[in-house]
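# Analysis of the macromolecular model
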Amino acid sequence: MSFQIEINKTIVTVKLENKKNIKHCYLRILKADLIQIRANKYFTIFDAKDLINRKKDWIEASMLKMLKKSLNDDEFLLLGERKKHEDYEIKNIDTFYRCEIEKILPQKVEEYSNKMNLFPTSISYRKNKRTWGSCNHKNGLNFNILLMKFPIEVMEYVIIHELAHIKHKNHSKDFWNLVTLYCPNYKEVEKLFKKFL
């Protein structure tokens, strides 16, 4: 039997296979939009939904990884969605990401700056392998252009994180309390994106 759920704003089909001789429950991600659960004959759809809920972080991370790996040469990720190069006439993906982030990110920084009452002295962009954002001692913020690959919530979390560093130049309890105030689910976002760092 099959049912559908929403994960990362994508409709995913869950195929539940009940077998007589299975002692354990097996959850596999077959495709970016297909999950297989094999379990004993007493395992219900309710059990399957509960299992998915408990394994949500792992499922989200695995699906994003799979999506990233399954991109064709003519495809790229834009705000968490698969796109085709030809639809955007892309010659250089890094140049494209830089142009796109400059359209979106400053407005988001302004929005959260006003909410948090914390204002950067400058905003810059670069392509980094390890960091998604940084805040220097002069309160200038730098953002990774590759943020354009992932859902907008990720960009918002990184913005909140770096704005919080204007007030707290460390990762103290006060810093995390400030982040939590404006991004209550930051731990989920962080856990997911540690897979890509």
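Residues numbered from 1 in each chain as written. Predicted model: local features only at pLDDT ≥ 70, side-chain atom pairs only at ≥ 80, totals over all residues. Heavy atoms only, no water.

## Digging into unusual backbone geometry
Positive phi outside glycine occurs at Glu89, with the angle close to 50°. Residue placement: Glu89 occurs in the loop between helix H3 (85-88) and helix H4 (93-116). A relative accessible area of 70% means that Glu89 is categorised as exposed. One non-glycine residue, Asn139, lies in the positive phi region at around 70°. (Helix = DSSP H or I, 4+ residues; strand = E, 2+ residues; numbered from the N terminus. Buried < 20%, exposed > 50% of the residue type's maximum accessible area, 1.4 Å probe, protein only.)

## Description of the sheet that holds strand S8 (residues 133-135)
Reading across the sheet, the three strands line up as S7-S9-S8 and stay open at both edges, with mixed pairing between neighbours. Among the strands making up the open sheet, the edge pair consists of strand S7 (122-126) and S8. Neighbouring strand axes in the sheet, compared pairwise and without regard to direction, differ in orientation by 20° on average. One ladder, built from three bridges, connects S8 with strand S9 (residues 140-144); its direction is antiparallel. When the bridges of S9 are listed, Gly133 appears paired with Phe143. The sheet strands contacting H4 are S7 and S9, and the helix crosses S7 at an angle near 150°. (Pairing = 2+ DSSP bridges. Axes fitted to C-alpha atoms, helices over the stretch in contact; angles between N-to-C directions. Contact = heavy atoms within 4.5 Å.)

## Considerations on the pattern of salt bridges
What the rule picks out here adds up to twelve salt bridges. Residue Asp50 pairs with Arg54 through a salt bridge whose shortest N-O separation is 3.1 Å. On the criterion of helical spacing, the pair formed by Asp50 and Arg54 is a turn pair, its members being four residues apart in helix H1 (residues 45-54). When its relative accessible area of 36% is taken as the criterion, Asp50 is described as partly exposed. Under the relative-accessibility criterion, Arg54 is labelled exposed at 57%. Residues participating in the shared-partner salt-bridge network are Asp74, Glu75, Arg82 and Lys84. (Salt bridge = Lys/Arg side-chain N within 4 Å of Asp/Glu carboxyl O.)

## Quick word on the layout of surface pockets
As a volume, the largest pocket reaches approximately 380 Å³. Along its surface, the largest pocket is lined by 17 residues, and Asn8, Thr10, Leu67, Gly80 and Glu81 are the ones closest to its centre. Looking at the lining of the largest pocket, the elements that each hand over two or more residues are helix H2 (56-69), strand S6 (81-84) and helix H5 (152-167). Of the residues that constitute the lining of the largest pocket, the class distribution is eight nonpolar, three polar and six charged. (1 Å grid on protein atoms, 1.4 Å probe; cavity = no way out; pocket = protein on both sides within 12 Å on 5 of 7 lines; lining within 4 Å. Points joined across faces, edges and corners; volume = space filled by probe spheres on them. Nonpolar A, V, L, I, M, F, W, Y, C, P; charged D, E, K, R; others polar.)

## Observations concerning H4
Quick reminder: α-helices carry 3.6 residues per turn. Residues three or four places apart thus point the same way. With 24 residues, H4 should cover 34 Å at 1.5 Å per step; its first-to-last C-alpha distance of 33 Å lies within 8% of that length. In H4, a bend of some 35° at Glu102 exceeds every other bend along the element, and Pro106, a proline, comes one to four places later. Of all the residues in H4, the buried ones are Phe96, Tyr97, Glu100, Ile101, Ile104, Leu105, Lys108, Val109, Tyr112, Ser113 and Met116. Looking at the buried side of H4, the elements it contacts are strand S5 (75-78), H3, S7, S9, H5 and helix H6 (173-182). Where H4 begins, the side chain of Asn92 points an oxygen toward the backbone nitrogen of Asp94, at a separation of 2.9 Å. Remark: Asn117 follows H4 within two positions and exhibits a positive phi of approximately 60°. (Expected span 1.5 Å × (residues − 1). Bend = angle between axes of the 7 residues up to and from the residue. Polar contact = N/O pair within 3.5 Å; in protein donor to acceptor, adjacent residues only side chain to side chain.)

## Some details on the sheet that holds strand S3 (residues 26-31)
Strand order in this open sheet of four strands is S1-S2-S4-S3, and the pairing throughout is mixed. Looking along the sheet, the strands with just one partner apiece sit at the ends: strand S1 (2-7) and S3. Looking at each pair of strands side by side, their axes are set apart by 30° on average, direction ignored. Sheet topology note: the S1/strand S2 (residues 10-19) ladder contains six bridges and is antiparallel. Looking at S2, one finds that Phe3 is bridged to Val14. Each of S1, S2, S3 and strand S4 (34-40) touches H1; the most contacted strand, S1, lies at about 25° to it.

So yeah, pure geometry; function would need other evidence.
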